[in-house]
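Residues per chain are reported as follows:
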Amino acid sequence: MTAQLIDGIQLSQHLRTEVKLRAAALTAQGKTAGLAVILVGENPASQVYVRNKVKACEDCGIYSILDKQPADLSEAALLDRISALNADPKIHGILVQLPLPAHIDTHKVLEAIALEKDVDGFHITNAGLLMTGQPLFRPCTPYGVMKMLESIDYPLRGAHAVVVGASNIVGKPQAMLLLQAGATVTICNSKTRDLGLHTRMADVLVVATGKRNLVTADMVKPGAVVLDVGMNRDDAGKLCGDVDFAATKEVAAYITPVPGGVGPMTITMLLVNTIEAAERI
Ligand code: GUN
């Protein structure tokens, strides 16, 4: 069996067409949606991510600013900047690209973002709202994964979903969204003993660890849906995920490629969240 690909580029294009229409409708009402992206320091991967986020806004008719700050920016100065953006009526969404330099307390920064502008959904209150089933914003990557499952009409109710990775950005919110959709959820982490024992039980397997080839074909149940959130480089410098794609696509029923899978969906869901924020204000 060869798995069907879940194409994140194609699905993104479809969803972004809707974003463009909603953005245009807001602009027609004199309320252009606006996103501020803050990047502190020069992490090369982060630089690429923020550039792509700002470019996607431009393509969809969303106003955006990229606020690049030096790596030695003080925590107080960053908090002041967020406070100004919280009060800026042109800005409906604020995103602070992570990771932040070590001298800055990430929790303090995320909690300084106004709840109604927290388009990443990382504020502790938004995490709590998600956990209790009343999300204001769904974190972009897990939200994108849910849209991919929706695109294949996957019946999550009663299914066993296994999430490998327990970060605040992906693994934990992913587990909450799957649970909310009626799945039985197992969360594994980097220390899980006999990882394959868990992953082989998965009807839906989401892998988000940043470890190339962590999941091999023998760890996947035949007919499973595999969603690969990993973004790594192979020995030749090519982008690859956390799953051994070539072998696993012969076992799974559906699989997301890297690149062209979950990555574009993350940015698309950021656009969706920004539009929602602007429509609410
Ligand atoms: N770093 C890696 N992923 C993300 C994300 O979704 N949002 C932000 N702000 N930083 C990230």
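First, a word on what this report is: a plain description of the structure on this page. Residue positions are given per chain, counted from 1 along the sequence in the order it is written. Two thresholds apply to this predicted model, a pLDDT of at least 70 for residue-level local features and 80 or more for giving and counting side-chain atom pairs, whereas whole-chain, interface and lining totals are computed over all residues. As a convention, hydrogens and water are excluded, and side-chain values are obtained from all of the structure's heavy atoms.

**Digging into the site of the ligand**
Any residue with at least one heavy atom within 4 Å of a molecule or strand is counted as near it. Lys53, Leu95, Val96, Gln97, Leu98, Asp120, Phe122 and Ile169 make up every residue found near the ligand. Pairs of N or O atoms are called polar contacts if they sit within 3.5 Å, as long as, within protein, a hydrogen donor faces a hydrogen acceptor (for residues adjacent in sequence, only side-chain-to-side-chain pairs). Within the backbone of Val96, a nitrogen or oxygen atom sits 2.9 Å from a nitrogen atom of the ligand. Leu98 is positioned with one of its backbone polar atoms (N or O) 3.0 Å from a nitrogen atom of the ligand. Out of a free accessible area of 280 Å², the ligand has 83% covered by protein chains. When residues are sorted by character, Ala, Val, Leu, Ile, Met, Phe, Trp, Tyr, Cys and Pro go into the nonpolar class, Asp, Glu, Lys and Arg into the charged class, and all the rest, Gly among them, into the polar class. In terms of residue class, the shell around the ligand is made up of 5 nonpolar, 1 polar and 2 charged. Shrake-Rupley sampling with a 1.4 Å probe provides the accessible areas, and residues are treated as covered by the protein chains on show and by no other component.

**Description of the sheet that holds strand β3 (residues 63-69)**
The strand order across the open sheet formed by 3 strands is β3-β2-β4, and the pairing between neighbours is parallel. One side of each edge strand has no neighbouring strand; the edge strands of this open sheet are β3 and β4 (93-96). The sheet shows a mean angle of 15° between the axes of neighbouring strands, taken without regard to direction. Sheet analysis places strand β2 (residues 34-40) next to β4, joined by 4 bridges and oriented parallel. Bridged to Ile38 within β4 is Val96. Strand pairing is defined by DSSP finding a minimum of two bridges between the two strands. Put simply, DSSP H or I for four residues or longer makes a helix, DSSP E for two residues or longer makes a strand, and each gets a number counted from the N terminus. Think of each axis as a best-fit line through the C-alpha atoms, taken over the contacting stretch in the case of a helix, with angles from 0 to 180 degrees between the N-to-C directions.

**Considerations on the pairing of strand β8 (residues 225-228)**
Residue alternation in β8 divides its side chains into two sets, Val225 and Leu227 and Val226 and Asp228, and both sets are buried. As judged from the 2 bridges shared by β8 and strand β11 (residues 254-255), these two strands associate in the parallel manner. Looking across to β11, one finds that Val225 is bridged to Tyr254. Residue exposure (1.4 Å probe, protein chains only): buried if accessible area is under 20% of the type maximum, exposed if over 50%, otherwise partly exposed.

**Regarding the nonpolar core**
Among buried residues, the Ala, Val, Leu, Ile, Met, Phe, Trp, Tyr and Cys ones that are joined through side-chain atoms within 4.5 Å form a nonpolar core. One finds Ile62, Leu149, Leu178, Val204 and Leu227 to be the most contacted residues of the largest nonpolar core, which totals 51 residues. Looking at this core element by element, the count peaks at 10 residues for helix α10 (residues 262-280). Judged by nonpolar contacts, the second largest core, of 18 residues, contains Val162, Met219, Val251 and Ile255.

**What about the pattern of salt bridges?**
A pair is scored as a salt bridge if a Lys or Arg side-chain nitrogen falls within 4 Å of a carboxyl oxygen belonging to Asp or Glu. Within the structure shown, the criterion is met by 9 salt bridges. One salt bridge connects Arg81 with Asp67, and the closest N-O pair in it is separated by 2.3 Å. With Arg81 in helix α3 (residues 75-86) and Asp67 in strand β3, this pair connects stretches of sequence that are 14 residues apart.

**Concerning the side chain of Asn273**
With respect to the helices and strands, Asn273 occurs in helix α10. Each residue touching Asn273, except ones within four places of it in the same chain, is listed here: Val119, Phe137, Arg138, Cys140 and Tyr143. Residue contacts are counted whenever heavy atoms from the two residues lie within 4.5 Å of one another.

Keep in mind these values describe shape, not function.
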